[in-house]
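# Structural features, examined
Spelled out from the first residue to the last, the chains are:
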Amino acid sequence: MGRSNFWYGKRTPLWLVPVLASGVLALGLWLTDNHESGYETPAAAEKTVAIEFWTPFSGGDSSFMNALVARYNEENEDGVFVRMNNNKLDDYYTKLSTAIVTGEAPDAAIVHASKYAQYVPAAFVTEIGEEEASENGLDWNGYNPNILRRTVLDGVHYGIPLDAHFGVLYYNKKWLKQAGLYTNGKVKLAGGEQGFTDFLKKIRANVPENVAPLAVPNIRIDSLWLWWSLYSQIDGGGRLYTADGRHAGLNMEAAERSLDYVDSLYREGLIPPDINDATSQFARGEAATLFLGVWSIGLFEQAEDLDFGVMPLPQIYDRPASWGDAHTLALPAQAEGGDPLKRQAALKFAAWLTRRGDVWAQAGHIPAYEAAAHSPAFLALPNRSDYAEAADDVAYFPDHPKQGRVSDELVVELEKLWSGSQTVDGMLREIGPKIDRILEE
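Presented here is an overview of the structure given in this document. These numbers were taken from a predicted model, which means no experiment stands behind them.

The subject of this paragraph is the layout of surface pockets. Here the second largest pocket defines a volume of roughly 250 Å³. Together, 13 residues line the second largest pocket, and Ile 366, Ala 373, His 374, Ala 388 and Glu 389 are the ones closest to its centre. Within the residue set of the lining of the second largest pocket, elements represented by two or more residues are strand 14 (366–367), helix 15 (370–373) and helix 16 (376–379). Within the lining of the second largest pocket, the residues separate by chemical class into seven nonpolar, three polar and three charged.

The terminal C-alpha atoms of helix 8 (residues 192–206) lie 22 Å apart, and with 15 residues this matches the ideal 21 Å at 1.5 Å per residue to within 8%. Contacts made by the buried residues of helix 8 are with strand 7 (163–172), helix 7 (173–178), strand 9 (186–187), helix 10 (252–267) and strand 10 (289–293).

Structurally, Asp 61 is set in helix 2 (residues 59–75). Residues contacting Asp 61, with those up to four places away along its chain left out, are Trp 295, Trp 360, Ala 363 and His 365.

On to the packing of helix 10 against helix 18 (residues 424–440). Their axes nearest at 10 Å, the elements helix 10 and helix 18 cross at an angle of 140 degrees. As summarised for this structure, helix 10 and helix 18 are arranged oblique, according to the angle between their axes. Crossing geometry of helix 10 relative to helix 18 is assigned as right-handed. The residues of helix 18 that touch helix 10, namely those facing Met 252, Ala 255, Glu 256, Leu 259, Asp 260 and Asp 263, are Val 424, Asp 425, Met 427 and Leu 428.

A few words on the pairing of strand 3 (residues 108–112). Counting buried positions over the five residues of strand 3 gives five, a clear majority of the element. Because side chains alternate across strand 3, one face comprises the buried residues Ala 108, Ile 110 and His 112, and the other comprises Ala 109 and Val 111, equally buried. Summarising the sheet, strand 1 (residues 49–55) and strand 3 pair through two bridges and their orientation is parallel. Pairing of Phe 53 across the sheet is with Ala 108, part of strand 3. Taken together, the four bridges between strand 3 and strand 13 (residues 327–330) define a ladder with antiparallel strand orientation. For Ile 110, the partnering residue across the bridge sits in strand 13 and is Leu 329.

Our focus in this paragraph is the pattern of salt bridges. This structure, assessed with the given rule, holds 18 salt bridges. Ionic pairing is found between Arg 343 and Glu 132, a salt bridge with its closest N-O pair at 2.7 Å. Taken together, the residues Arg 343 in helix 13 (residues 340–355) and Glu 132 in helix 5 (residues 130–135) connect sequence positions 211 residues apart. A relative accessible area of 23% means that Arg 343 is categorised as partly exposed. The exposure class of Glu 132 is partly exposed, given its relative accessible area of 21%. Between Asp 399 and Arg 150 there is a salt bridge; the shortest N-O distance is 3.1 Å. With Asp 399 in the loop between strand 15 (394–395) and helix 17 (403–419) and Arg 150 in the loop between helix 6 (145–148) and strand 4 (152–153), the pair connects residues that are 249 residues apart, well separated along the chain. Through salt bridges with shared partners, a single network forms among Glu 409, Glu 413, Lys 416, Glu 430 and Lys 434.

Turning to the sheet that holds strand 6 (residues 160–161), a few remarks are in order. Pairing between sheet strands relies on hydrogen bonds along the backbone, with the strands arranged either parallel or antiparallel. One open sheet holds the five strands; their spatial order is 2-1-3-13-6, and the pairing between them is mixed. Two strands in the sheet have a free side with no partner beyond their single neighbour: strand 2 (80–86) and strand 6. Of the pairings in the sheet, the one linking strand 6 to strand 13 comprises two bridges and is antiparallel in character. Directly across from Pro 161, in strand 13, lies its bridge partner Thr 328. Its contacts with the sheet place helix 3 (residues 89–101) against strand 1 and strand 3, and it is angled at close to 125 degrees to strand 3. The strands touched by helix 13 within the sheet are strand 1, strand 2, strand 3, strand 6 and strand 13, with strand 1 carrying the most contacts at an inclination of about 55 degrees.

Across soluble globular proteins, you tend to see nonpolar side chains buried next to one another. Within the largest apolar cluster, 88 residues are counted, with the highest numbers of intra-cluster contacts made by Phe 53, Met 65, Leu 96, Phe 166, Tyr 170, Phe 349 and Leu 353. Per element, the largest residue contribution to this core is eight residues, and it comes from helix 13. Ile 203, Val 211, Val 216 and Ala 255 belong to the second-largest nonpolar core, a separate cluster that totals 58 residues.

Helix length check: helix 2, at 17 residues, gives a terminal C-alpha distance of 25 Å against a target of 24 Å (1.5 Å per residue), a fit within 8%. For helix 2, the tally of buried residues reaches 13 of 17 residues, placing the bulk of the element in the interior.

For the structure shown, the criterion picks out 26 aromatic pairs. Aromatic side chains Phe 53 and Phe 349 sit 5.1 Å apart centroid to centroid with 70 degrees between the ring planes, which places their arrangement in the edge-to-face category. Taken together, the residues span a long stretch of sequence, with Phe 53 in strand 1 and Phe 349 in helix 13 at a distance of 296 residues. Accessibility expressed as a relative area gives 0% for Phe 53, which makes it buried. Of the residues examined, Phe 349 reaches a relative accessible area of 0% and is grouped as buried. An aromatic cluster of at least three residues, connected via ring pairs, comprises Trp 225, Trp 227, Trp 228, Tyr 231, Trp 295, Trp 323 and Phe 397. In this structure, Lys 115 is placed above the aromatic ring of Tyr 93, and the distance from its NZ or CZ to the ring centre is 4.7 Å.

Attention now goes to unusual backbone geometry. Backbone geometry places Asp 154, a non-glycine residue, at a positive phi of 55 degrees. By secondary structure assignment, the location of Asp 154 is in the loop between strand 4 and strand 5 (156–157). By relative accessible area, Asp 154 is classed as exposed at 82%. With a phi angle near 75 degrees, Asn 383 is a residue other than glycine that sits in the positive phi range.

All right, on to empty space enclosed by the protein then. One pass over the full model with this rule turns up two cavities of 30 Å³ or more. Each pocket or cavity is described by its volume, and for the largest cavity that value is around 60 Å³. In the lining of the largest cavity, the residues fall into seven nonpolar, two polar and one charged. Estimated volume of the second largest cavity: approximately 40 Å³. Lining the second largest cavity we find Leu 169, Phe 196, Leu 214, Leu 226, Leu 230, Phe 291, Leu 313 and Ile 316. In the lining of the second largest cavity, the residues fall into eight nonpolar, no polar and no charged.

Cut-off values and rules
- Residues numbered from 1 in each chain as written.
- Predicted model: local features only at pLDDT ≥ 70, side-chain atom pairs only at ≥ 80, totals over all residues.
- Heavy atoms only, no water.
- 1 Å grid on protein atoms, 1.4 Å probe; cavity = no way out; pocket = protein on both sides within 12 Å on 5 of 7 lines; lining within 4 Å.
- Points joined across faces, edges and corners; volume = space filled by probe spheres on them.
- Helix = DSSP H or I, 4+ residues; strand = E, 2+ residues; numbered from the N terminus.
- Nonpolar A, V, L, I, M, F, W, Y, C, P; charged D, E, K, R; others polar.
- Expected span 1.5 Å × (residues − 1).
- Contact = heavy atoms within 4.5 Å.
- Axes fitted to C-alpha atoms, helices over the stretch in contact; angles between N-to-C directions.
- Parallel < 35°, antiparallel > 145°, perpendicular 65-115°, else oblique.
- Left-handed = near helix turned anticlockwise from the far one by under 90°.
- Buried < 20%, exposed > 50% of the residue type's maximum accessible area, 1.4 Å probe, protein only.
- Pairing = 2+ DSSP bridges.
- Salt bridge = Lys/Arg side-chain N within 4 Å of Asp/Glu carboxyl O.
- Core = buried A, V, L, I, M, F, W, Y, C linked by side-chain atoms within 4.5 Å.
- Phe/Tyr/Trp six-rings, centres within 6.5 Å; stacked < 30°, edge-to-face > 60°.
- Lys NZ or Arg CZ within 6 Å of the ring centre and 35° of its normal.

Put into structure tokens, the structure is as follows:
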């Protein structure tokens, strides 16, 4: 994830952190000397093939992708112009699905690996044949096999992997030092439930009251990611469905154990209540640790006086694991089969883009293209080597076409649990039948 020199200029004042995402996006646009998505210039008018590329990125992600698209438009000699259309993640898949159904799909689109179980059966994305992949510069052997596997169904390729992203533990070195938990460049943290609880309690006893020992929102999907990570660390955990995918099939013992533990962190105030913007809270120095995805590292590196580190989510149970997903590039289904020249252009662009994973990785992601992940540019980046190997321990949600609906239901139930209006036993009694109803629809 090699980082360009521009990203390491003068550090941004902390008061700018809440608006840093929009500022970084403006920087990405400025770097291309154009302020329209896709950076269309007079030279672009001479291009023979223009393709639409949809993304769900924001903040640092958006600026880096904008810059990469601009670079491709400037460098490629195939007569191709890529016009990038950035959307909010909240409604991205609704818009993308609608565009596909109405015959107005983009030529290429970012699709999370977790969506293929839904998009492939619906014929929303198209197969990528071996011959056309080779002809357009795609070598499947060049990609991380664990990430690549998420884009292959029944032996057929449907996407080109761009990265892996997953939950990590950010930590504020100042507060950990004050608590006696950071010495000689190392975090002092014992294993197991008790070890992590004692770590957070020691932080609470030695930092100001307004500093959260661990910041995790008690609303939205973040807490689901945390619970899923710990559930997946337990032998036999990480299951939601029966083997045929037709019924709920949680490992109740593992689910109860991990839910009890996360609930205890909320009940004991080690994760304070009513955290809405954990990212800004950590950036302001008001959280000693933060569980969040790797995509925020670029923002934290710009925050003035924030001396932080990153580590994989601690192993609390039987094996290391943390929730994660992957960004991939897919070719959405086109009305009447689409334009063969645009399809070819989209594949060439995807091949080029994934090979620049060291640049894209400046946003914090682990490149899926292995040469990029082992490049000197990536290895020279600060912090990245501290968590890069955790890409091998990503705990993906199950490949199921109803997973999005099930995740939404789980978020609702967990919000009830953390707020105290639900118990672990009550949630476990109800969640199976609720999942079954979703699967029957």
